[in-house]
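The lines below spell out each chain.
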Amino acid sequence: MAELLDPFHTILVLLPALIANGSPVLLSYGGTPIDGGRKFLDGRPILGPGKTWEGLAIGTLYGSIFATFLSSTTCSLTILKGGIAAAIGALLGDMLAAFVKRRIGLERGAPAPVLDQLDFYAGALLLLYAVGIVVHPYTAVLMAPLVLALHRLTNIAANRLRLKPVPW
Ligand code: CTP
Ligand code: MG
Ligand code: K
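A quick note: this is a predicted structure, and the numbers were derived from the prediction, not measured. (Residues numbered from 1 in each chain as written. Chains lettered and ligands numbered in written order. Predicted model: local features only at pLDDT ≥ 70, side-chain atom pairs only at ≥ 80, totals over all residues. Heavy atoms only, no water.)

1. A few points about the coordination of the potassium ion (ligand 3)
Next up, step 1: Within the first shell, the potassium ion (ligand 3) binds the protein through Asp94 (OD) and Asp119 (OD), at distances of 2.5 to 3.1 Å.
Next up, step 2: Between the two metal centres, the potassium ion (ligand 3) and the magnesium ion (ligand 2), the spacing is 4.2 Å. Placement of the pair is Asp94 in helix α3 (residues 77–103) and Asp119 in helix α4 (residues 115–130), with a sequence separation of 25 residues. You'll find Asp94 and Asp119 in the same group, each marked buried. (Donors = N, O, S within 2.8 Å, 3.2 Å for Na, K, Ca; no water. Helix = DSSP H or I, 4+ residues; strand = E, 2+ residues; numbered from the N terminus. Buried < 20%, exposed > 50% of the residue type's maximum accessible area, 1.4 Å probe, protein only.)

2. Digging into the nonpolar core
Next up, step 1: Counting 21 residues, the largest nonpolar core has Tyr121, Leu128 and Val147 as the members making the most contacts within it.
Next up, step 2: Elements represented by at least two residues in this core include exactly α1 (7–22), α3, α4, β2 (133–135) and α5 (137–160).
Next up, step 3: Per-element accounting of this core gives the leading share, 5 residues, to α1.
Next up, step 4: Discounting residues that sit within four places of it in the chain, Val147 has contacts with Leu14, Phe120 and Tyr121. (Core = buried A, V, L, I, M, F, W, Y, C linked by side-chain atoms within 4.5 Å. Contact = heavy atoms within 4.5 Å.)

3. Considerations on the UniProt feature "transmembrane region" (unreviewed entry) in the chain
Next up, step 1: Per the UniProt record, "transmembrane region" (unreviewed entry) is annotated on residues 52–70, 82–100 and 120–150.
Next up, step 2: Secondary structure within residues 52–70 divides into 95% helix and 0% strand; the distance between the first and last C-alpha atoms comes to 27 Å.
Next up, step 3: Secondary structure over residues 120–150 splits into 81% helix and 10% strand, and the C-alpha atoms at its two ends are 12 Å apart. (UniProt positions renumbered as here; feature names shortened; annotations may be inferred.)

4. Quick word on a nonpolar patch on the surface
Next up, step 1: A surface patch of nonpolar side chains, about 430 Å² in accessible area, is lined by Ile19, Leu26, Leu61, Tyr62 and Ile65.
Next up, step 2: Ranked by residue count, the leading element in the nonpolar patch is helix α2 (residues 53–74), at 3 residues.
Next up, step 3: Along the chain, Tyr62 turns up in helix α2.
Next up, step 4: Taking relative accessible area as the criterion, Tyr62 reaches 35% and is therefore assigned partly exposed. (Patch = residues over 30% accessible without salt bridge, like charges linked within 9 Å, V, L, I, M, F, W, Y side chains within 5 Å. Areas by Shrake-Rupley, 256 points an atom, 1.4 Å probe, with all protein chains shown as cover. Salt bridge = Lys/Arg side-chain N within 4 Å of Asp/Glu carboxyl O.)

5. Some points on the pattern of salt bridges
Next up, step 1: Scanning the model with the defined rule gives 3 salt bridges in all.
Next up, step 2: Close ionic contact of Asp94 with Lys51 constitutes a salt bridge, the shortest N to O distance being 2.7 Å. Of this pair, Asp94 sits in helix α3 while Lys51 sits in the loop between α1 and α2; the two residues are 43 residues apart in sequence, bridging distant segments of the chain.
Next up, step 3: For Lys51, a relative accessible area of 17% translates into the label buried.
Next up, step 4: One salt bridge connects Asp116 with Lys101, and the closest N-O pair in it is separated by 3.1 Å. Of this pair, Asp116 sits in helix α4 while Lys101 sits in helix α3, and the two are 15 residues apart along the sequence. Comparing Asp116 with Lys101 shows no difference in burial state: the two are buried.

What follows is the structure, encoded as structure tokens:
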């Protein structure tokens, strides 16, 4: 049975997704590329060096820890399951966007407006759906500006802290 989330619980499951998306940058530009440095049919990197196993691991770990914290304070198993799903979905969405960016010839870190900000959000919503937790489309659209703003703020902060060479 699918479970429809209200706006408040939607925010609670999306926070681990934001954490998961934002934490790989703490690796400060290093790690083992998921694509192993391999090229796609077009001769360009499959994902590029900005998508690493360490990034996936740290994002999943921090996202899951935060989901555990939120679920224990709210006594909700849906928040635990949803938070972890959203965190993993966010990382997968980010990988898919990197695949698309490489296909259109954009280098690692090159800005891709909208895609860069909403890739992880779409990935989170999709994986939530896959585990039977549904965010109403209206809620999803209404949350988008908030998600965009938070994503923007965390990237500017990462740039100021010299964790990231660009503020997007
Ligand atoms: N990162 C990582 N592994 C991931 C995701 C991110 O190691 N699965 C790290 C990389 O150092 C990456 C940084 O976090 O450069 C910032 O993430 P993001 O902005 O998503 O990557 P970009 O550098 O913009 O690379 P791309 O163009 O491929 O998205
Ligand atoms: Mg980027
Ligand atoms: K991204």
